[in-house]
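Architecture and fold: a report
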Amino acid sequence: MTQPTNGSLLQPDYVPGEPVERHFADADLVWTDDEQKQIATFRSEYPTNDGAVMKVLWMAQNKFSWLPPDVIQFVANTIEVPYAKVYGVATFYTQYFKEKKGKFVLDICTCFGCQVCGGYDILHYLEEKLGIEKGQTTDDGLFTIQEAECLGACGSAPMLQVTNGPYVHNLTKEKVDGLIVDLKADKMPGFQSVTLPQDETDLGGNRRSDTEAVTEYQTPPVSETIH
Amino acid sequence: MAEAPSLITGESKAGDWRNYERVILPPVKDLHKIEVYEEDGGYSALKAVVKDGKFDPAALTDEVKASGLRGRGGAGFSTGLKWSFMPPVDPEKPRYLCCNGDESEPGTFKDRQIFEYNPHLMIEGIILACYAMTIKTCYLYIRGEYIDYVHHVQKAVDEAYAKGYIGKNILGTDFSTNIVVHYGAGAYICGEETSLMESLEGHRAYPRIKPPFPAQSGCWGMPTTINNVETLACVPLIVNRGAAWFSGIGPERHPGPVLYGISGHINKPGVYEFPTGMLIRDLIEVAGGVRGGKSVKAVVPGGSSTPPLTWDMAKDATMDTETLREAGSSMGTAGLCILDEDTDMVAFTRRIAHFYHHESCGQCTPCRDGTGWLEKLLSRIESGEGYTRDLDLLLEICDQMEGRTVCALADAAAWPVRWGIRRFRDEFAARCKADSFASSEQGDGSVEAQPVL
Ligand SMILES: Cc1cc2nc3c(=O)[nH]c(=O)nc-3n(C[C@H](O)[C@H](O)[C@H](O)COP(=O)(O)O)c2cc1C
Ligand code: SF4
Ligand code: FES
């Protein structure tokens, strides 16, 4: 019989196996008032408690940077859904981090559209540059590199995504170097608008005047490696 | 019985496409802003229908049916017909619309451009669809990786709420509807309609067995219709310009404007808007031709699950369901990947197999295990360790997968492998060691002790 580690966690009478692993102190596992308001909004958007689970997991991941069991338990308590259900959802999706990752997670697309346009070249270049293999994290805890499936930007291949956030399109080795320098200086790339080829003549190449960074679809490089 | 004449004529079915006027992504600066969209005639379809009574719900459904609009999400089903499957309104039962913006089919990147450049067209289409089917809630499902675009779309939705285009008593009428933006967290399978519904409900996104179809039992067991983003974006255009205008664009049986996402070995990749029925050849031409002036080895016409075509099969084919079916593939999502003469088809096919293996939800044994075996065998062939007999084994695995699973992911995984091998067999065979099941003699004459997979 597992003793509840903390009165605030809803524990069933009998918990099989090990107690929920702890990575965060109780004092950390709280939502701010704003976050609680946000959660209430999310819950109101769905007819059942379960509906809000994905959005609240996202909030938790953004807050705690990953989803260890105690954070999953915290989410489960928040939306009043059993731990096992929330755990089931968290483990179904690749973007929820079930283990601790680097501060910056670089998802390099190597799916076929990028594969044939140098996606693996970029992956291997990063592996070499950072001295780690895909799936690993650098010793300083700054970078994790991962092989991603199609991110829906095949026209601007090769490309990558930084920590489930902005896309970096039309990658070259120089661009990767610049990105790493920026990230080390804590500068996240911003949103980049990709101009439609048909707009280059019709709209002078920029459709959105409110976006700072604009790029075009470019002729992809010849890939050196394809696996 | 007389054979129907071939549709692969080498003639374009897109009419005067060189002077085509773009309508889904028209050349208007800052169209994503609601004021600009309104100035460009935006939300006038909504006003005409909801406020001025241009169509009642049934008439709107009929108009969409008459336009010949077919789903742009992959299956190409008639949109008006799908809407008409919704059961009569039961005040006790909520009903839902899902707008499918999961866009995870490799090779597809068109819906992203709608989110970025013309979100209000999609929103207007959603409200019109809700009106046609008397739906009070739409869930707009966007893949989690598109989080930047989720923010863009959420902003557009908020603007539309503020202007009274969404929400309670739209434009002062007694019609009300809400849009909830939902985002995923990285799972291709969530694009499959019933999986998307499971995901919305907050469960592991396992697809459901059909029947019952979503119109009977969809989200939370209630009547639900699901349409792709681009499909819904066509609806305001049909209302404004009429079904006859829409059906007059491109070939008769698969008409309308379409966003082609062109990628691969091409000089000017990107999303291009043209009528359906474009010659693949013309699309390559507008996209600047093949990189480095090379010749084309293969074309994947509509995303990873559509069988690759050899250049001989593709060069005279047009981009519409009927013609591509005859050519030996399908329209899918109209995301074309152009592969030049230097492409390693074995590595390419292996990478597709890896994708499906990674994305199989694991519910059905033929899919969960089959996708794994496809990848393993293809990797072995790629590394030069495979045997000729492996090719037939691969085809046999495809036989075991197709049509035997809950959802179509298993078929989508098997097709590119099956047709890749059938159409590029020499290239696959050249990588294999000679052997067959009959003898366990290997290419070098030695006898293999234990055939290992
Ligand atoms: C494995 C699988 C993945 C799918 N992914 C998507 C997708 O990402 N986006 C999409 O619109 N449709 C996708 N579909 C098709 C949907 O199930 C559905 O047919 C479509 O959203 C219906 O919209 P439409 O009639 O407007 O095309 C997928 C289907 C399958 C079998
Ligand atoms: S076919 Fe594959 S993806 Fe579809 S339900 Fe079965 S296991 Fe899941
Ligand atoms: S294949 Fe890399 S983004 Fe689609």
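About the criteria used
- Residues numbered from 1 in each chain as written.
- Chains lettered and ligands numbered in written order.
- Predicted model: local features only at pLDDT ≥ 70, side-chain atom pairs only at ≥ 80, totals over all residues.
- Heavy atoms only, no water.
- Domains from an automatic or database assignment.
- Contact = heavy atoms within 4.5 Å.
- Salt bridge = Lys/Arg side-chain N within 4 Å of Asp/Glu carboxyl O.
- Polar contact = N/O pair within 3.5 Å; in protein donor to acceptor, adjacent residues only side chain to side chain.
- pLDDT = per-residue confidence, 0-100.
- Near = heavy atom within 4 Å.
- Areas by Shrake-Rupley, 256 points an atom, 1.4 Å probe, with all protein chains shown as cover.
- Helix = DSSP H or I, 4+ residues; strand = E, 2+ residues; numbered from the N terminus.
- Nonpolar A, V, L, I, M, F, W, Y, C, P; charged D, E, K, R; others polar.
- Buried area = accessible area lost by both parts, 1.4 Å probe.
- Axes fitted to C-alpha atoms, helices over the stretch in contact; angles between N-to-C directions.
- Parallel < 35°, antiparallel > 145°, perpendicular 65-115°, else oblique.
- 1 Å grid on protein atoms, 1.4 Å probe; cavity = no way out; pocket = protein on both sides within 12 Å on 5 of 7 lines; lining within 4 Å.
- Points joined across faces, edges and corners; volume = space filled by probe spheres on them.
- Buried < 20%, exposed > 50% of the residue type's maximum accessible area, 1.4 Å probe, protein only.
- Pairing = 2+ DSSP bridges.
- Right-handed = clockwise from strand over helix to strand, strands pointing away.

**Remarks on the domain arrangement of chain B**
All names here are of chain B.
- Domain boundaries in chain B define domain 1 (22–247), domain 2 (257–340) and domain 3 (345–436).
- The C-alpha-based centres of domain 1 and domain 2 are spaced at 27 Å.
- Taken together, the contact between domain 1 and domain 2 spans 18 residues of the former and 19 residues of the latter.
- Put simply, domain 1 and domain 2 have one salt bridge between them.
- The salt bridge partner of R70 is E322, with a shortest N-O separation of 3.4 Å.
- Taken together, the connections running from domain 1 to domain 2 amount to 10 residue pairs in polar contact (both at pLDDT 80 or more).

**Remarks on the confidence of the model for chain A**
- On average, residues of chain A score 92 in pLDDT, and 92% of them are at 70 or above.
- For the stretch residues 1–8 of chain A, pLDDT sits under 50, and the model shows nine contacts to residues farther than four places along the chain or on other chains.

**Section: the site of ligand 1**
Residue and element names in this part refer to chain B.
- Of all residues adjacent to ligand 1, which total 18 residues, the nearest are G73, K82, N100, N228 and T231.
- Taking G191, its main chain carries an N or O atom lying 3.3 Å from a nitrogen atom of ligand 1.
- Isolated, ligand 1 exposes 610 Å² of accessible area, and the fraction of that covered by the protein chains is 90%.
- When residues of the shell around ligand 1 are assigned to their parent elements, the largest contribution, three residues, is made by strand β4 (residues 224–228).
- In terms of residue class, the shell around ligand 1 is made up of four nonpolar, eight polar and six charged.

**So, the interface of chain B and chain A**
- Contact residues are listed per partner, giving 80 residues for chain B and 68 residues for chain A.
- Roughly 5,900 Å² of surface becomes buried between chain B and chain A when both sides are summed, with 54% attributable to carbon and sulfur atoms.
- For the pair chain B and chain A, the number of links is five salt bridges.
- We note a salt bridge from R351(B) to E149(A), for which the minimum N-O separation is 3.1 Å.
- The interface formed by chain B and chain A contains 48 residue pairs in polar contact (both at pLDDT 80 or more).
- Taken together, the residues of the side of chain B that touches chain A sort by class into 38 nonpolar, 22 polar and 20 charged.

**Observations regarding the packing of helix α15 (residues 345–359) of chain B against helix α18 (residues 409–423) of chain B**
Residue and element names in this part refer to chain B.
- Direction vectors running N to C along α15 and α18 enclose 170°, while the axes themselves pass 9 Å from each other. In terms of their interaxial angle, α15 and α18 are classed as roughly antiparallel. Contacts between α15 and α18 involve T349, I352, Y356 and E359 on the former and, on the latter, L409, A412, A413, P416 and V417.
- Across the contact of α15 with α18, the residue classes tally to seven nonpolar, one polar and one charged.

**Details of the domain arrangement of chain A**
- Taken domain by domain, chain A holds domain 1 (1–100) and domain 2 (104–215).
- Look at where the C-alpha atoms of domain 1 of chain A and domain 2 of chain A centre, and you get two points 31 Å apart.

**Re the layout of surface pockets**
- The computed volume of the second largest pocket comes to approximately 570 Å³.
- When contributions to the lining of the second largest pocket are tallied by element, the ones reaching two or more residues are α1 (33–44) and α2 (53–64) of chain A together with α7 (147–162) and β3 (178–183) of chain B.
- For the lining of the second largest pocket, the element with the most residues is α7(B), which contributes seven residues.
- Its residues placed into classes, the lining of the second largest pocket shows 13 nonpolar, 10 polar and five charged.

**Concerning the pattern of salt bridges**
- Considering all chains together, one arrives at 45 salt bridges over all chains under this definition.
- For the salt bridge of D70(A) with R22(A), the shortest nitrogen-to-oxygen distance reads 3.8 Å. Linking D70(A) in helix α3 (residues 69–79) with R22(A) in the segment before α1, this pair joins segments that are 48 residues apart in sequence.
- Judged by its relative accessible area of 2%, D70(A) falls in the buried class.
- In this structure, the salt-bridge partner of K163(B) is E38(B), at a minimum N-O distance of 3.0 Å. Of this pair, K163(B) sits in the loop between α7 and β3 while E38(B) sits in helix α1 (residues 34–39), placing them 125 residues apart in sequence.
- By relative accessible area, K163(B) is classed as partly exposed at 41%.
- In the salt-bridge network here, residues are joined through shared partners; they are K134(A), E147(A), E149(A) and R351(B).

**Thoughts on unusual backbone geometry**
- Omega for the peptide link from A157(A) to P158(A) comes to -10°, which places this bond in the cis form.
- Residue placement: P158(A) occurs in the loop between β2 (143–148) and β3 (160–162).
- With an omega of 0°, the peptide bond running from P211(B) to P212(B) counts as cis.
- Mapped onto the elements of the fold, P212(B) is located in the loop between α8 (193–200) and β4.
- Positive phi values are uncommon outside glycine, yet A334(B) reaches one of about 60°.
- Residue placement: A334(B) occurs in the loop between α14 (321–327) and β9 (335–340).
- Residue classification places A334(B) among the buried residues on the basis of a relative accessible area of 2%.

**Thoughts on the pairing of strand β6 (residues 213–216) of chain A**
Residue and element names in this part refer to chain A.
- Two strands pair when backbone bridges link them, and strand β5 (residues 192–195) and β6 are joined in this way by four bridges, in the parallel orientation. Across the sheet, residue T195 finds its bridge partner in β6, namely E216.
- Assessed by its sense of winding, the connection that carries the chain from β5 through helix α8 (residues 197–202) to β6 is right-handed.

**Notes on the sheet that holds β4(B)**
- One open sheet accounts for four strands, arranged β3-β2-β1-β4 (chain B); its pairing is parallel. Lying at the two open borders of the sheet, with one neighbouring strand each, are β3 and β4 of chain B. Along the sheet, successive strands turn relative to each other by an average axial angle of 20°, direction set aside.
- By the bridge criterion, six bridges tie strand β1 (residues 96–101) of chain B to strand β2 (residues 137–142) of chain B in an arrangement that is parallel. Residue pairing for β2(B): C99(B) is matched across the bridge by L140(B).
- Relative to β3(B), α2(A) is tilted by about 50°, and along the sheet it contacts β2 and β3 of chain B.
- Here helix α6 (residues 119–133) of chain B sits on the sheet in contact with β1, β2, β3 and β4 of chain B, set at roughly 150° to β1(B).

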